Structures are given as structure tokens and as C-alpha cells.
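Chain by chain, the residues:
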Amino acid sequence: MAVRTNKLKRALHDARTVFGSSVRLPEPGLVEALGFAGFDYVLIDGEHGSMGWAEMERMILAALAADTTPVVRVVKNEPELVMRALDIGAMGILVPHVCSEADARRLKDGALYPPDGRRGVGVGRVGQWGLIPMDEYFRTVNSEIVLMAMIEDAEAIENIEAIAGVGLDNLWVGTHDLAASYGLLGQTSHPRVLAAGDRVVAAGKRHNIAIGFPARNPDDAKDALRRGYRAIGYGSAETFVVHYGRAFLESVRR
């Protein structure tokens, strides 16, 4: 028996483009639906969402059932939070506000077992509750974890080369917080914000790291792909329900 292969990690390392969406409400069925829709990964949003650990665990299981990669966004870059999300089955971790090389290394330390990191040992679901031999588990599990960092502060842009050099799998440009950090709240398409994103893309190319972008619509996603982004996040299950439901009602109501 072996640790589950992380298809998202393989795609990122093979320079393929990946697409994800997110869920904030504590509802496993929404995660499952996004997986069935064909997204490469589902972001279970523990930073802005309302789920607790038990609910998050069920959402992870729903992603696995729908054959999509469960990525958990923790509320802050704390090794204990990263470890716990991975222990309950997450196959990827996204941490907010990575502003320095030290922040990036903190994520790596919390997510990976020695010698690559300092993650506490608590083998459970990922080790199939003891069915996978310990030597096999520890030999392979680090290589199946996707490490993602939010680049969403002006400080992070200035330190982007050092951050990219740590060896994470994905750097995610958080346009809303980045705009706010420049005093441009809500202006995610401001030239200064777009130029900062281009700096992240350039660093990603130099270090062979996929860079992520939150697309608001298909044209936005196509433009991001042209600019060199290789990970596209699109909306959330909740916004899909609201917008598609409203579009239907507006088209038929008189």
C-alpha cells in the first residue's frame, strides 16, 4: 500500500495549468460538486469560512470521493494549524500573508517531516490508519504535499525572489489584500497591482514555481494565462449558486 498520489502536485511540477474553486460554508456536498465539475483542486477556506475541524475533515473526504485534491487554507501560518489540516487528510496547504523568506520556511517546516521540515508526527488518515508501513509512509509523504503561499502584501513583492527561492509549489497573488496594502482598496485591476503580480510571475519563471491568480470571469482567466499564470482560481460554490440563480430569475421574471 502507498500514500495517495497527489495529482495536483504532479500537474504543477509538469508545468500544466490547473484550475480550482473554493468553499467557505461547512458543506461537504459543495466540495463534492466542484470536484464533479472537474476542478483540479478545491480550496477549503478555513481563513474566511465558517467550518470547524470536524466539518473540515468531512469536506476533505468529499474532495477525495470526487477525485479532486483537497487544499486547506488555514487562518494563519502556524505549524500546529498546518500539521492538523494535513493530519486530517488535506493534500495541500495554503497560508496567508507570506511576506518573507522566513514566512515561507515556516510553512515548509510545519508541513514536511524531517529532514525537509519539522512537522510533528501523528500518522493517521494519510497513512491509512497504520496500513501503510511506517518506512514507506515517511519515505513518500513529503513528496505528495502541495505547499501554497499567499503573496498579498507590498512587503512580499519586495521579497519575492527570496520567497520563491524556498522551493514551494505555488505562490498565489492575492489581489484584494495586495491592492489594500498599496492603499488601493477594491482596485484589484489597478496598474500597480497588476505590475506587482507580473513581478511574482517573473520570479516564478526563474524558480520554476507556478503562480496563481483569482479570476473573476473567463476573460479574466484567459488574460491571466496570457500573462504567465499557471494556477487559476475561479469563484466559489456559494457565488456560483447566487450568480447563476439570479441570472436565471432575471431572465424569466417579468
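This text follows the structure it describes.
Just so it is clear, the model here is predicted, and its values are computed rather than measured. (Residues numbered from 1 in each chain as written. Predicted model: local features only at pLDDT ≥ 70, side-chain atom pairs only at ≥ 80, totals over all residues. Heavy atoms only, no water.)

Draft legend 1. Spatial organisation of a nonpolar patch on the surface. On the surface, V121, M134 and F138 cluster together into a nonpolar patch covering about 270 Å² of accessible area. Its place among the elements puts M134 in helix α6 (residues 134–140). Residue class for M134 comes out partly exposed when judged on its relative accessible area of 37%. (Patch = residues over 30% accessible without salt bridge, like charges linked within 9 Å, V, L, I, M, F, W, Y side chains within 5 Å. Areas by Shrake-Rupley, 256 points an atom, 1.4 Å probe, with all protein chains shown as cover. Salt bridge = Lys/Arg side-chain N within 4 Å of Asp/Glu carboxyl O. Helix = DSSP H or I, 4+ residues; strand = E, 2+ residues; numbered from the N terminus. Buried < 20%, exposed > 50% of the residue type's maximum accessible area, 1.4 Å probe, protein only.)

Draft legend 2. Structural view of the layout of surface pockets. Its volume calculated, the largest pocket comes out at about 840 Å³. S22, R24, H176, P214 and G235 are the residues nearest the centre of the largest pocket, which is lined by 32 residues in total. Mapped onto the lining of the largest pocket, the elements with two or more residues apiece are β1 (18–23), β2 (41–45), β5 (146–151), β6 (170–173), α9 (175–181), β7 (210–215), β8 (231–236) and α12 (237–252). Considering every element that reaches the lining of the largest pocket, the biggest residue donor is α12, with five residues. Size it by volume and the second largest pocket reaches roughly 220 Å³. If you go around the second largest pocket, you meet 15 residues; those closest to its centre are V3, R4, G89, M91 and V126. A class-by-class count of the residues in the lining of the second largest pocket yields nine nonpolar, two polar and four charged. (1 Å grid on protein atoms, 1.4 Å probe; cavity = no way out; pocket = protein on both sides within 12 Å on 5 of 7 lines; lining within 4 Å. Points joined across faces, edges and corners; volume = space filled by probe spheres on them. Nonpolar A, V, L, I, M, F, W, Y, C, P; charged D, E, K, R; others polar.)

Draft legend 3. Region of the structure containing the pattern of salt bridges. For the structure on display, the rule yields 19 salt bridges. Among the ionic pairs, K9 bridges to D169, the shortest N-O distance being 3.4 Å. With K9 in helix α1 (residues 7–13) and D169 in the loop between α8 (160–164) and β6, the pair connects residues that are 160 residues apart, well separated along the chain. Residue D169 is classed as buried on the basis of its relative accessible area of 6%. Notably, a salt bridge pairs R226 with D223, separated by 3.8 Å at the nearest N-O pair.

Draft legend 4. How the structure looks around the packing of aromatic side chains. The full count for this structure, using the stated rule, is six aromatic pairs. Seen from their ring centres, Y113 and F138 are 5.2 Å apart, and the 85° between their planes marks the pair as edge-to-face. Separated by 25 residues along the polypeptide, Y113 in the loop between α5 (101–111) and α6 and F138 in helix α6 bring together distant segments of the chain. The exposure class assigned to Y113 is buried, which follows from its relative accessible area of 2%. The cationic tip of R227 hangs over the ring face of F213; the distance from NZ or CZ to the ring centre is 5.5 Å. (Phe/Tyr/Trp six-rings, centres within 6.5 Å; stacked < 30°, edge-to-face > 60°. Lys NZ or Arg CZ within 6 Å of the ring centre and 35° of its normal.)

Draft legend 5. Looking closely at the nonpolar core. One finds V72, I93 and L171 to be the most contacted residues of the largest nonpolar core, which totals 65 residues. A per-element tally of this core places helix α3 (residues 53–65) first, with six residues. Excluding residues within four positions of it along the chain, I93 makes contact with V71, V72, V82, A85, L86, L107, V146, L147 and M148. (Core = buried A, V, L, I, M, F, W, Y, C linked by side-chain atoms within 4.5 Å. Contact = heavy atoms within 4.5 Å.)

Draft legend 6. Summary view of the sheet that holds strand β3 (residues 69–73). Spatially, eight strands are ordered β1-β2-β3-β4-β5-β6-β7-β8 in a closed barrel, and the strand pairing comes out parallel. Pairwise comparison of adjacent strand axes, ignoring direction, gives a mean angle of 25° for this sheet. Two strands pair when backbone bridges link them, and β6 and β7 are joined in this way by three bridges, in the parallel orientation. From the neighbouring strand, N170 faces β7, where its bridge partner is A210. Against the sheet, α5 makes contact with β4 (92–95) and β5, and its axis sits at roughly 155° relative to β5, the strand it touches most. (Pairing = 2+ DSSP bridges. Axes fitted to C-alpha atoms, helices over the stretch in contact; angles between N-to-C directions.)

Draft legend 7. Just the packing of helix α2 (residues 28–37) against α3, in detail. At a minimum axis separation of 8 Å, α2 and α3 run at an interaxial angle of 25°. One finds that α2 runs roughly parallel with respect to α3. Both α2 and α3 take part in a crossing whose hand is right-handed. Only R58, M59, A62 and A63 of α3 make contact with α2, whose side of the interface consists of P28, V31 and E32. Its residues assigned to classes, the contact of α2 with α3 comprises five nonpolar, no polar and two charged. (Parallel < 35°, antiparallel > 145°, perpendicular 65-115°, else oblique. Left-handed = near helix turned anticlockwise from the far one by under 90°.)

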